[in-house]
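This is what each chain is made of:
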Amino acid sequence: MRKRIRAGDHDAFGELFDAYARSVYNHAYRLTGDWAQAEDVVSLTFLDAWRLREKLDEEGGSPRPWLLGIATNVTRNTRRAARRHAAAVARLPRDEAERDFADEIAGRLDDAAQLALVRTALAELRRPEREVLALCVWSGLDYAAAAEALGVPVGTVRSRLSRARTKLAKHMEPPSPRGQMRGDRTTAVGPLREGNR
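Below: a short report on this structure. (Residues numbered from 1 in each chain as written. Predicted model: local features only at pLDDT ≥ 70, side-chain atom pairs only at ≥ 80, totals over all residues. Heavy atoms only, no water.)

Quick notes on the nonpolar core
Counting 21 residues, the largest nonpolar core has Leu-16, Val-24, Phe-46, Trp-66 and Leu-67 as the members making the most contacts within it. Listed by contribution, the elements that provide at least two residues to this core are α2 (10-32), α3 (35-51) and α4 (64-91). In terms of residue count, the dominant contributor to this core is α2 (eight residues). Listed in part, the 14 residues of the second largest apolar core include Ala-121, Ala-146, Val-152 and Leu-168. (Core = buried A, V, L, I, M, F, W, Y, C linked by side-chain atoms within 4.5 Å. Buried < 20%, exposed > 50% of the residue type's maximum accessible area, 1.4 Å probe, protein only. Helix = DSSP H or I, 4+ residues; strand = E, 2+ residues; numbered from the N terminus.)

Here's the deal with the packing of aromatic side chains
On inspection of all chains with the given rule, the structure shows five aromatic pairs. Taking 5.1 Å as the distance between ring centres and 80° as the angle between the ring planes, the aromatic pair formed by Phe-13 and Trp-50 counts as edge-to-face. One end of the pair, Phe-13, is in helix α2; the other, Trp-50, is in helix α3, with 37 residues separating them in the sequence. Residue Trp-50 is classed as partly exposed on the basis of its relative accessible area of 25%. Aromatic side chains Tyr-25 and Trp-35 sit 5.9 Å apart centroid to centroid with 20° between the ring planes, which places their arrangement in the stacked category. Taken together, the residues span a long stretch of sequence, with Tyr-25 in helix α2 and Trp-35 in helix α3 at a distance of ten residues. Classification of Tyr-25 as buried rests on a relative accessible area of 12%. Following the ring pairs from residue to residue traces out a cluster consisting of Phe-13, Phe-17, Phe-46 and Trp-50. In this arrangement the basic side chain of Arg-53 is found over the ring face of Trp-50, its NZ or CZ atom lying 4.1 Å from the centre. (Phe/Tyr/Trp six-rings, centres within 6.5 Å; stacked < 30°, edge-to-face > 60°. Lys NZ or Arg CZ within 6 Å of the ring centre and 35° of its normal.)

As for the pattern of salt bridges
Tallying each qualifying case throughout the model produces eight salt bridges. For Arg-6, the salt bridge is made with Glu-58, and the minimal N-O distance between the two is 3.7 Å. Of this pair, Arg-6 sits in helix α1 (residues 2-6) while Glu-58 sits in the loop between α3 and α4, placing them 52 residues apart in sequence. Between Lys-167 and Glu-129 there is a salt bridge whose closest N-O contact spans 3.1 Å. In this pair, Lys-167 sits in helix α8 (residues 154-171) while Glu-129 sits in helix α6 (residues 127-138), placing the two residues 38 residues apart along the sequence. Overlapping salt bridges bring together Arg-126, Glu-129, Arg-163 and Lys-167 as one network. (Salt bridge = Lys/Arg side-chain N within 4 Å of Asp/Glu carboxyl O.)

The structure is reproduced here in C-alpha cells:
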C-alpha cells in the first residue's frame, strides 16, 4: 500500500483515508477540543499527506504514525495562523459604526413641532402671565421672590401662574387628526338589541 500511495495511486489513497480518517479526526479533536476544527484538520492532513506522499517510507507497517504526525503539524500551523490573523485584525483601525440618524431626525422633527406648540401657547399668554412664568418656572424663583421682583402681592403671582399653566396646558395639546373632533367619542356601531334585527 505504501508503494502505491507513493506512486500517486488514487484508489490506494482512498483506502488510506477510509482506514485512518477516524483516527486522525480523534487525534485532531484531542489537540483542538473543537469538533469543527478537528474536521478542518482532517481535511488539511489528508491534503498534506497527498502532497507529501513521496516522503512516506516504502517499507514499514501502518502509515498511521505518519498521518498523526502530519495532523499534529497541521494543528500547530492552524493555531499559529489563527493567532496571526487575530493579531492582524487587532491592529486594524476600528471603523466607527455608522450611526442611524433616522431617530435623531425624527426627534428633531418632534422637537420642532413641540417648540412650535410652545411658541404658539406662549403667544396666547398675557404679558404679566409670561413674566410670572419666566420668573417662577424658568428662573426657579419662589412665589415671594417673584412677587418682590415684580412688585406685586404673592397672591397675584400665584393666580397669574395658575392661569398661565392652565392656558399652556390647553394650548399644548397636539392637534387632533383630521376628521375627528375632540370629545367625539360616539361609537360607529351601537349595541345590538333584540328589536333591531
